[in-house]
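Residue-level structure breakdown
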Amino acid sequence: MAHAHDSMFKAVFEDPACAREHFELVIPAASRRLMDLTTLELVPGSFVDEALRARHTDLLFRARGRGADGSERERLVYLLFEHQSTDQSLMVFRLLRYMTNIWDRHVATSETETQALPFPPIVAVVLYNGAQRWRAARSFHELMEPLGDMSPKVPQFEMVLTDLGACSDELLQLNTPGGRARMMMKHAPRVQGARSLARLGPIIRAAATDRTMEHAAWLRRLRQFSQYVWAVASRIERQQVVDFFARHAGEDGRKMAMTLRDELRAEGKAEGKAEGKA
């Protein structure tokens, strides 16, 4: 199931427009004033440690920085965007490791150490859709015993956490592509049987009537939603999902869901044959 969450997260939020909308929603205004999110771009590659890459998804963006007076600056600001479906006690420690990986690359791509300075700031943003409220540390100092006068001598940062289960649907914003993804990631894992599929109806209808995307991209987004529902909802038959999309996403949505259903059936038969031969 974690793979399904990560796939949904990456498919939607690797789009700089969706990432920008999320950052504008969750990053405090005082911090946003120090970055120009209209220049946001995705940085290729992953900064997750190799051993963790199969279980964790990270997206790295960069934008031009701004001075405290709003003036443009040559320096860059990095935004590390991570998804989490479980409450991780050492999340902030893992983020610190990602940050040092990013700064390592920054130094390695600079001609001299002097040219590497000043280091670009990194804002860590985490989107969490676990069943329980987030209880783990949100800042690095929370991992330690009280530091007292030693506090200024020890590294410190605080991640920007969005706990979807603790957010109202109004805050998550159904009227944007990123908002619909947040709503889907909040509600789909809580579906228990066909009756509770109804809670996803407004999300699918909003996505189906949003024609601001090209038709091919629009169909891909509906496909992503249907794949996600199949993967994370409980006690749901594939035909029920097809029927659900037919009711809420129109004829194109029904055809897309039926095509996906047939593909999954074919994959299942192929896997069965391969296991039989083995």
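Now for a quick tour of the structure. Keep in mind the model is a prediction, meaning the values are calculated, not measured.

1. Some points on the overall build of the chain
Secondary structure summary: the chain contains 9 helices and 5 strands in total. The secondary structure elements of the chain, listed N-terminal to C-terminal, are α-α-α-β-β-β-α-β-β-α-α-α-α-α. Evaluated residue by residue, the chain yields a buried proportion of 44% over its 278 residues. Long-range contacts, defined as pairs at least 24 residues apart, comprise 63% of the intrachain contacts of the chain with a sequence gap of at least 6. Of the accessible surface of the chain, which amounts to about 14800 Å², a share of 51% is contributed by carbon and sulfur atoms.

2. Thoughts on the side chain of Asp-210
The topology assignment puts Asp-210 in the loop between helix 7 (201–208) and helix 8 (215–232). Separated by 2.6 Å, the side chains of Asp-210 and Thr-212 make a polar contact. Those residues in contact with Asp-210 that sit more than four places away from it in its chain are Pro-177, Arg-180 and Trp-218.

3. Comments concerning the nonpolar core
Counting residues in hydrophobic clusters, the biggest one holds 55 residues, and the most contacted among them are Phe-13, Phe-23, Leu-79, Phe-81, Met-184, Leu-200 and Phe-245. A total of 8 residues in this core trace back to one element, the largest contributor, which is helix 9 (residues 238–277). Every residue in contact with Phe-23, bar those within four places of it in the chain, is listed here: Arg-32, Leu-37, Leu-40, Phe-61, Leu-79, Phe-81 and Val-125. In terms of nonpolar packing, the next biggest core, distinct from the first, is built from 21 residues, Tyr-78, Leu-95, Met-99 and Phe-157 among them.

4. Some points on the packing of aromatic side chains
Tallying each qualifying case throughout the model produces 9 aromatic pairs. Through a chain of ring-to-ring contacts, the aromatic side chains of Phe-9, Phe-13, Phe-23, Phe-61 and Phe-81 assemble into a single cluster.

5. Considerations on the pattern of salt bridges
Throughout the structure, instances matching the rule amount to 10 salt bridges. The closest approach of N and O atoms between Arg-182 and Glu-21, which form a salt bridge, is 2.6 Å. Placement of Arg-182 in helix 6 (residues 177–187) and of Glu-21 in helix 2 (residues 16–26) is noted, with a sequence separation of 161 residues between them. The residue Asp-169 makes a salt bridge to Lys-186 at a minimum N-O spacing of 2.9 Å. Note that Asp-169 is positioned in helix 5 (residues 169–172) and Lys-186 in helix 6, a separation of 17 residues in sequence.

6. Describing helix 7
Where burial is concerned, most of helix 7 is hidden: 6 out of the 8 residues are buried. Of the residues making up helix 7, those classed as buried are Gly-201, Ile-203, Ile-204, Ala-206, Ala-207 and Ala-208.

7. Re helix 8
For helix 8, with 18 residues, the first-to-last C-alpha span of 26 Å sits near the 26 Å given by 1.5 Å per residue. Among the residues of helix 8, those classed as buried are Trp-218, Arg-221, Leu-222, Phe-225, Ser-226, Tyr-228, Val-229, Trp-230 and Val-232.

8. Overview of the packing of helix 2 against helix 6
Axis separation between helix 2 and helix 6 bottoms out at 8 Å; the angle between their running directions is 75°. In terms of axis orientation, helix 2 runs roughly perpendicular to helix 6. Of helix 6, the residues touching helix 2 (which contributes Cys-18, Glu-21, His-22 and Leu-25) are Pro-177, Gly-178, Gly-179 and Arg-182. Of the residues that constitute the contact of helix 2 with helix 6, the class distribution is 3 nonpolar, 3 polar and 2 charged.

9. Quick look at the environment of Gly-179
Considering the arrangement of structural elements, one finds Gly-179 in helix 6. C-alpha separation for the pair Gly-179 and Asp-169, spaced 10 residues apart in sequence, amounts to 9.0 Å. Setting aside residues no more than four positions away along its own chain, Gly-179 makes contact with Glu-21, Leu-172 and Gln-173.

10. Overview of the packing of helix 6 against helix 7
At a minimum axis separation of 10 Å, helix 6 and helix 7 run at an interaxial angle of 155°. If you check the angle between helix 6 and helix 7, you find them roughly antiparallel. Crossing hand, helix 6 versus helix 7: left-handed. Contacts from Arg-180, Met-183, Met-184 and His-187 in helix 6 reach Ile-203, Ile-204, Ala-206 and Ala-207 in helix 7. Tallied by class, residues from the contact of helix 6 with helix 7 come to 6 nonpolar, 1 polar and 1 charged.

11. A closer look at the environment of Arg-221
Mapped onto the elements of the fold, Arg-221 is located in helix 8. Beyond its immediate stretch of four places on either side in the chain, Arg-221 contacts Ala-11, Val-12, Pro-177 and Met-213. Within the structure, the side chain of Arg-221 is placed 2.9 Å from the side chain of Gln-224, a separation counted as a polar contact.

What counts and what doesn't
- Residues numbered from 1 in each chain as written.
- Predicted model: local features only at pLDDT ≥ 70, side-chain atom pairs only at ≥ 80, totals over all residues.
- Heavy atoms only, no water.
- Helix = DSSP H or I, 4+ residues; strand = E, 2+ residues; numbered from the N terminus.
- Buried < 20%, exposed > 50% of the residue type's maximum accessible area, 1.4 Å probe, protein only.
- Contact = heavy atoms within 4.5 Å.
- Areas by Shrake-Rupley, 256 points an atom, 1.4 Å probe, with all protein chains shown as cover.
- Polar contact = N/O pair within 3.5 Å; in protein donor to acceptor, adjacent residues only side chain to side chain.
- Core = buried A, V, L, I, M, F, W, Y, C linked by side-chain atoms within 4.5 Å.
- Phe/Tyr/Trp six-rings, centres within 6.5 Å; stacked < 30°, edge-to-face > 60°.
- Salt bridge = Lys/Arg side-chain N within 4 Å of Asp/Glu carboxyl O.
- Expected span 1.5 Å × (residues − 1).
- Axes fitted to C-alpha atoms, helices over the stretch in contact; angles between N-to-C directions.
- Parallel < 35°, antiparallel > 145°, perpendicular 65-115°, else oblique.
- Nonpolar A, V, L, I, M, F, W, Y, C, P; charged D, E, K, R; others polar.
- Left-handed = near helix turned anticlockwise from the far one by under 90°.

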